[in-house]
Amino acid sequence: MKELSQSLAQLLPTSLHGLCEAEEFPVGTALFLTGDQPHWMFFVSAGEVVLERHGVDGQHACLQRCQSGFVGEASLTSSRYHCDGRTTLDAQITKVPIKALRQALKTDPAFAERWIAMLSREVRQLRLQNERLSLPKVQDRLLHLIETEGTGGRYALTCSVKDLAKQLAVTHEALYRAIARLVELGRINREDGVLVLKFESANSSKSKVF
């Protein structure tokens, strides 16, 4: 087993550390499929995993896009997966056995509190994502992303612009145009793999999330 990431090691009780399995999964790997019985919780350290649900018309909806942290937490209390989970980038993932995790949550109050705090942070993150997708303009969605998920006004591009466009629910052509326009207006700089906010927008999309 590879060493656990610092965030995962701090979250899990030490009794679970030796039960975890860290693996590397190439892009396009199906971690689980709809109807499968859950045996593992998947913690993404690098890369990307998406949860998808397929419709009767063959189209699929992206339910979650995860580049860091647990994916498919609902499987902890479910007997079957209700969606598919697959890697969209080469990914480093740690598998945590669900049965042992459930038992630790029942018997370790300190761990249960850390788990609840983690879920609360994820809820806040999802609220920000929903707020971002409610913005009508591509430029506003991009500024919102940099302001709320960047650090000090700097947002590192950990995926291609095409994949970023999927996160923002826009076409990659529209996102390219938005980036070019914001650079032209002096609102952002595009450095090597980083989008930098030059100043806070007049219609700041920073949000107070409760």
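Cut-off values and rules
Residues numbered from 1 in each chain as written. Predicted model: local features only at pLDDT ≥ 70, side-chain atom pairs only at ≥ 80, totals over all residues. Heavy atoms only, no water. Helix = DSSP H or I, 4+ residues; strand = E, 2+ residues; numbered from the N terminus. Rg over C-alpha atoms; globule rule 2.2 N^0.38 Å. Buried < 20%, exposed > 50% of the residue type's maximum accessible area, 1.4 Å probe, protein only. Contact = heavy atoms within 4.5 Å. Areas by Shrake-Rupley, 256 points an atom, 1.4 Å probe, with all protein chains shown as cover. Phe/Tyr/Trp six-rings, centres within 6.5 Å; stacked < 30°, edge-to-face > 60°. Lys NZ or Arg CZ within 6 Å of the ring centre and 35° of its normal.

Draft legend 1. Region of the structure containing the overall build of the protein. When you go through the protein residue by residue, the secondary structure sums to seven helices and nine strands. For 210 residues, the compact-globule formula gives about 17 Å, and the C-alpha radius of gyration of the protein, at 19 Å, lands near that figure. Over its C-alpha atoms, taken along the principal directions, the protein stretches across nearly 55 × 40 × 30 Å. Taken over 210 residues, the protein has a buried fraction of 40%. Across the protein, the fraction of contacts at a sequence separation of at least 24, relative to all contacts at a separation of at least 6, is 68%. Accessible surface, the protein: about 11,900 Å² in total, of which carbon and sulfur atoms supply 51%.

Draft legend 2. Focus on the packing of aromatic side chains. Tallied over the entire structure, the rule returns five aromatic pairs. Centroid distance Phe-111 to Trp-115: 6.0 Å. Interplanar angle 65 degrees. Geometry classified as edge-to-face. Within this pair, Phe-111 and its partner Trp-115 are both found in helix 4 (residues 109-134), separated by four residues, close to a single helical turn. When its relative accessible area of 0% is taken as the criterion, Phe-111 is described as buried. Here the aromatic cluster, defined as three or more aromatic residues joined through ring pairs, consists of Phe-43, Phe-70, Phe-111 and Trp-115. Over the ring of Trp-40 we find Lys-95, and its NZ or CZ is 4.6 Å from the ring centre.

Structural measurements only, silent on function.
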